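Residues per chain, in single letters:
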Amino acid sequence: MAKELAIFGGEPVRTEPFPGYNVIGQKEIDAATAVMESGVLSRYLGTWHEDFLGGPKVRLLEEKWAQMFDVAHSVSMNSATSGLYAACAAAGFGPDDEVIVSPYTMSASAVAPVVNGATPVFCDIDPDSWCLCPTALERLINAKTKGIIVVHIFGGSADMDAIMSLAQKHKLTVIEDCAQAPLGECNGRKVGSIGHMGVFSLNYHKHIHCGEGGVVVTNSDELAQRLRLVRNHSEAVVDRMPTHIDEKLSGIVGYNFRLGEIEAAITLSLLDRLPALIEERIENVHFLEKKLRDIPFLTMPEVREGDTHCYYLHPLKFDQKVAGVDREQYVAAVKAELTPSELRMHEGVLIGAGYVRPLYKQSFYRSKMHPVIQGASEQAETTYLDQSCPNCEEAHYSTVITHELMRPGMSENDLDDVASAFLKVAENIKDLVK
Ligand SMILES: *Cc1c(COP(=O)(O)O)cnc(C)c1O
């Protein structure tokens, strides 16, 4: 049925704002208040003492997190960025080491090796999962390669079986960036527990949040100890440790990456709800996909047998040849049919053409001002060029559409409006060819 598109002045599908995604309720307010009333907002001491491991909320959070995520240890941090820096330090990445990383991610995943003096080497992604492509990865492994940073982008998982078998063969340390995939699963196992370390985020945009925070998980006692030292002033702590001091521990630089008690209490309060919040995202996505599947130029994300996608974003694949218009035109027209969400009005309608720019496009890697980048091997430098990751280029510049309009709190009516906007523009796509 022909209808005037809102982008050309027609009546939009929806003018009422969508509900904001807000996980903070009375329970979290009470949890934060109780910490305030105790007067102990952090109990860390940067020395060898029982308070080296933080206060009661931090410790309880770490215990519960480890149980829920099927790991031996969890080490809280003040952000996932800090967690990634700490994980690279704990892995021992340093000068002359190369670390293979996806270019299709938030910038901290790739800068974490740089902070530790190591060189990031960008590897192309798989065109269906948008995570590291194992075949491309294998080609980049050489004698300098020490590790891999896998990113489970949008909440879907990388092919961990293939990646771990390469890592075992070449003795590489694998860090999983799970900031977008809490409780995601790959072949029946929780992401973060498959590699040597997994890093989670508790920032405002993530599934659950405490403002700013992060958690690193590991099954290795040794890595857990190193992570705790990096988090809390290692150099001031090691000499007093009762166990025989390992030379390697003495060389660790410590930071202050400590999470506060208020943030830990808020996260603890939200943790029980995490499975249900993810379930709701999955249900909302299924509801939407039933309708969006009818659009011939859109492909729904592939979820392999045994995997659980936790939909940080809902990624769609756009086929320009079938649509007859480019992705930007389609997305602009869909956005014109809708209206922003409460709490995030200023960001506009939460639908994006592409995701973040491939990281090697950042001037940081191109101007080579940083000594590590400046001294990068020829192989690393090649991966900073535009032609080296064609799947990533294609995903970002022509095929990927992401949206956040499946977050918990959306009613069936809200979801119907989202689907109607995508469908209305698809049905009238010829009007965009002008
Ligand atoms: C959000 C995010 C981070 C960083 O998380 P912070 O807690 O904000 O530091 C890292 N990697 C990915 C993939 C992310 O989405």
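Only a predicted model underlies this, so the values are computations on that prediction, with no experimental measurement involved.

Asks: Just give me the short version of the overall build of the protein chain, but keep the residues and values in it.
Replies: Secondary structure assignment for the protein chain yields 18 helices and 13 strands. For a compact globule of 434 residues, the expected C-alpha radius of gyration is about 22 Å, and the protein chain comes in at 23 Å, within 12% of that figure. For the protein chain, the spread of C-alpha atoms along the principal axes amounts to about 75 × 55 × 40 Å. Taken over 434 residues, the protein chain has a buried fraction of 57%. Here the analysis covers contacts within the protein chain between residues at least 6 apart in sequence; of these, 72% occur between residues at least 24 apart. About 18000 Å² of surface is accessible on the protein chain, with carbon and sulfur atoms providing 51% of the total. With 40 positive and 59 negative side-chain charges, the protein chain shows a spacing of 2 Å between the two charge centroids.

Asks: Requested: an account of the site of the ligand, with residues and values cited.
Replies: The environment of the ligand is formed by 14 residues, the closest being Thr81, Asp177, Ser201, Asn203 and Lys206. The side chain of Thr81 places a nitrogen or oxygen atom 2.5 Å from an oxygen atom of the ligand. At 2.8 Å from an oxygen atom of the ligand is found a side-chain nitrogen or oxygen belonging to Asn203. The protein chains hide 94% of the 380 Å² of surface that the ligand would expose on its own. Counted by class, the shell around the ligand contains 4 nonpolar, 8 polar and 2 charged residues.

Asks: Now, about the UniProt feature "active site" (unreviewed entry) in the protein chain: what can you tell me, with residues and values included?
Replies: When the UniProt feature table is mapped to this numbering, "active site" (unreviewed entry) covers Lys206. In this fold, Lys206 is placed in the loop between strand E8 (197-201) and strand E9 (214-218). Those residues in contact with Lys206 that sit more than four places away from it in its chain are Tyr21, Ala179, Gln180, Ser201 and Tyr312.

Asks: Provide a residue-level description of the packing of aromatic side chains, including the pertinent values.
Replies: Within this structure, the stated rule accounts for 19 aromatic pairs. Residues Tyr104 and Phe154 carry aromatic rings whose centres are separated by 6.2 Å and whose planes lie at 85° to one another, so their mutual orientation is edge-to-face. Of the two residues, Tyr104 is situated in the loop between strand E2 (98-101) and helix H4 (108-115) and Phe154 in the loop between strand E4 (145-151) and helix H6 (160-170); the sequence distance between them amounts to 50 residues. The exposure class of Tyr104 is buried, given its relative accessible area of 0%. Taking 5.7 Å as the distance between ring centres and 70° as the angle between the ring planes, the aromatic pair formed by Trp130 and Phe154 counts as edge-to-face. Pair noted here: Trp130 is in the loop between strand E3 (119-122) and helix H5 (134-140) and Phe154 is in the loop between E4 and H6, with a separation of 24 residues, a long-range link. One exposure class covers both Trp130 and Phe154, and it is buried. Following the ring pairs from residue to residue traces out a cluster consisting of Phe122, Tyr360, Phe364, Tyr365 and Tyr384.

Asks: How would you sum up the sheet that holds strand E12 (residues 351-353)? Please name residues and give values.
Replies: Remark on secondary structure: sheet strands pair via backbone hydrogen bonds, oriented parallel or antiparallel. The 4 strands are arranged E10-E11-E13-E12 in an open sheet whose pairing can be described as antiparallel. Each end of this open sheet is capped by a strand with a single partner; those strands are strand E10 (298-299) and E12. Two elements, E12 and strand E13 (residues 400-403), share 3 bridges in a ladder whose sense is antiparallel. Note that in E13 the partner of Gly352 across the bridge is Thr402. Contacts between helix H13 (residues 327-336) and the sheet are confined to E10, strand E11 (314-318), E12 and E13, with E12 contributing the most and set at about 165° to the helix.

Asks: Just give me the short version of the side chain of Lys424, but keep the residues and values in it.
Replies: With respect to the helices and strands, the residue Lys424 is situated in helix H18 (residues 412-427). Taking relative accessible area as the criterion, Lys424 reaches 6% and is therefore assigned buried. A polar side-chain atom of Lys424 sits 3.1 Å from the main-chain carbonyl oxygen of Glu4. Setting aside chain neighbours within four positions, we find Lys424 in contact with Lys3, Glu4, Leu5, Ala6, Glu11, Val13 and Glu337.

Asks: Explain the sheet that holds E9 to me, and be specific about the residues and the numbers.
Replies: Strand order in the open sheet made by the 7 strands is E1-E9-E8-E5-E4-E2-E3, with mixed pairing throughout. The open sheet has two free edges, formed respectively by strand E1 (73-77) and E3, since each of these has just one partner strand. Ignoring which end each strand starts from, the neighbouring axes of this sheet average 25° apart. Contacting E1, E8 and E9, helix H2 (residues 56-68) runs over the sheet at an angle of about 135° to E1.

What counts as what
Residues numbered from 1 in each chain as written. Predicted model: local features only at pLDDT ≥ 70, side-chain atom pairs only at ≥ 80, totals over all residues. Heavy atoms only, no water. Helix = DSSP H or I, 4+ residues; strand = E, 2+ residues; numbered from the N terminus. Rg over C-alpha atoms; globule rule 2.2 N^0.38 Å. Buried < 20%, exposed > 50% of the residue type's maximum accessible area, 1.4 Å probe, protein only. Contact = heavy atoms within 4.5 Å. Areas by Shrake-Rupley, 256 points an atom, 1.4 Å probe, with all protein chains shown as cover. Lys, Arg positive; Asp, Glu negative; His and termini not counted. Charge placed at Lys NZ, Arg CZ, Asp CG, Glu CD. Near = heavy atom within 4 Å. Polar contact = N/O pair within 3.5 Å; in protein donor to acceptor, adjacent residues only side chain to side chain. Nonpolar A, V, L, I, M, F, W, Y, C, P; charged D, E, K, R; others polar. UniProt positions renumbered as here; feature names shortened; annotations may be inferred. Phe/Tyr/Trp six-rings, centres within 6.5 Å; stacked < 30°, edge-to-face > 60°. Pairing = 2+ DSSP bridges. Axes fitted to C-alpha atoms, helices over the stretch in contact; angles between N-to-C directions.

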